Amino acid sequence: MLPRFKVLFYAAVLSFSFSGSIMAADAPAYGPQLQGFDYPFPLKQFSFSSQGAPLQMGYLDVAPAGHKNGQTVVLMHGKNFCAATWGDTISALVSHGYRVIAPDQVGFCSSTKPSHYQYSFQQLATNTHELLKNLKISKAVIVGHSTGGMLATRYSLMYAPEVSKLVLVNPIGLEDWKAKGVPYRTVDQWYDRELKTSADSIKQYELKTYYVNKWKPEYDRWVDMLAGLNNGPGHKLVAWNSALIYDMIFTQPVFYEFKNLRVPTTLIIGTADTTAIGSDIAPPAVKAKIGHYNVLGKQVAKLIPHAKLIEFKGLGHAPQMEEPEKFNATLLKTLAR
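Cut-offs used in this document
Residues numbered from 1 in each chain as written. Predicted model: local features only at pLDDT ≥ 70, side-chain atom pairs only at ≥ 80, totals over all residues. Heavy atoms only, no water. UniProt positions renumbered as here; feature names shortened; annotations may be inferred. Helix = DSSP H or I, 4+ residues; strand = E, 2+ residues; numbered from the N terminus. Disulfide = S-S within 2.5 Å. Buried < 20%, exposed > 50% of the residue type's maximum accessible area, 1.4 Å probe, protein only. Right-handed = clockwise from strand over helix to strand, strands pointing away. 1 Å grid on protein atoms, 1.4 Å probe; cavity = no way out; pocket = protein on both sides within 12 Å on 5 of 7 lines; lining within 4 Å. Points joined across faces, edges and corners; volume = space filled by probe spheres on them. Nonpolar A, V, L, I, M, F, W, Y, C, P; charged D, E, K, R; others polar.

A. The arrangement of the UniProt feature "domain: AB hydrolase-1" (unreviewed entry) in the chain in detail. In the numbering used here, UniProt assigns the "domain: AB hydrolase-1" (unreviewed entry) feature to residues 72-323. Summarising residues 72-323: 41% helix, 13% strand, and an end-to-end C-alpha distance of 23 Å.

Written out as structure tokens, the structure reads:
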């Protein structure tokens, strides 16, 4: 299978070259399931059936180093992130006795990109639950970052008895953008937008929105990860799934159900985050009132029963990547509480 993939992969690269779209020699190009990208821990695959199709979820299952504390932490990635982006956090958790499961959701990273799929947070939560059942995990700490925070919220609403703690790290969905006046994009419009994605556009968006205009060399790897998917032979399928996922994020808010959470919940918020889906096409008056995490964190902490709020002043959308040592120490303290 792998040799055949390599043949197809190089044939695709050659076809791009001869059609006049020559990629830079140093630009990454990965397969549709991120083949060719190095994960920080051995990548495994969970095969299952969903919506009438055979699918695969890539995932990391990392055992505790040394003493086992008997607890499992499930890490849910964001829209422009993967299981691999949790690498530093995984290392910190396993060194303190936790088993860590970090899945790539269907449509993302090392998992299947279906040609047709009805995306919902309920479906992704069900997929994750099936993975955990297959691994014989009946109770876990759920940690969700960005879009993974919306998924972690939905998972905790659906499977509350199986969630020991919920930690939301700069989750999106702390507000309902469409209710605040952000215009709707059709899936086709999202698809056209995603087809134009480049390494430069990814970096510029992340620099401004995620990292408070402070770039570190270690972030380049994550730009390459996303750009490599877009440069590879699965480019159109990757863009199509991305469009479907954006539609899910925009049209399926969890905001109105925070009040229904019944698991111990901690919000970890980088206060300088400005992430808001659709802000690029929002009218100026609407854009001015969305994406203010310094306010949103406090508001949502009051909605979630008995929630604890931890703020990282001046950090952006991904504190676990901006200041991993500080974030990991905070997470470990939260889980030990």
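B. Expanded view of the state of the cysteines. Scanning all chains against the criterion turns up 1 disulfide. Across the disulfide from C82 sits C109; the S-S distance is 1.9 Å. Across the S-S bond linking C82 and C109, the dihedral sits near -90 degrees, which makes this disulfide left-handed. Of this pair, C82 sits in the loop between β3 (72-76) and α2 (87-95) while C109 sits in the loop between β4 (99-103) and α3 (121-134); the two residues are 27 residues apart in sequence, bridging distant segments of the chain. Accessibility assignment for this pair places C82 and C109 in one class, buried.

C. Seen up close, unusual backbone geometry. Of note in the backbone geometry, N170 takes a positive phi value of approximately 35 degrees without being a glycine. Here N170 lies in the loop between β6 (163-169) and α5 (187-195). At V212, a position not held by glycine, the phi torsion is positive, near 50 degrees. Topologically, V212 is positioned in the loop between α6 (199-209) and α7 (220-231).

D. Broad picture of the pairing of β4. Among the 5 residues in β4, 4 count as buried, and that is most of the element. After leaving β3, the chain enters α2 and then returns to the sheet as β4, a path that is right-handed.

E. Region of the structure containing empty space enclosed by the protein. Under the definition given, this model contains 2 cavities of 30 Å³ or more. A volume near 60 Å³ is recorded for the largest cavity. In this structure, the largest cavity is lined by K79, N80, S146, T147, I172, Y205, Y210, Y246, T275 and I277. Grouping the amino acids of the lining of the largest cavity by side-chain chemistry returns 5 nonpolar, 4 polar and 1 charged. Its boundaries defined by the atoms lining it, the second largest cavity holds a volume of some 30 Å³. Along the walls of the second largest cavity sit H77, Q105, F108, F121, L124, T147, G148 and L151, which together make up its complete lining. Listed by contribution, the elements that provide at least two residues to the lining of the second largest cavity are α3 and α4 (147-158).

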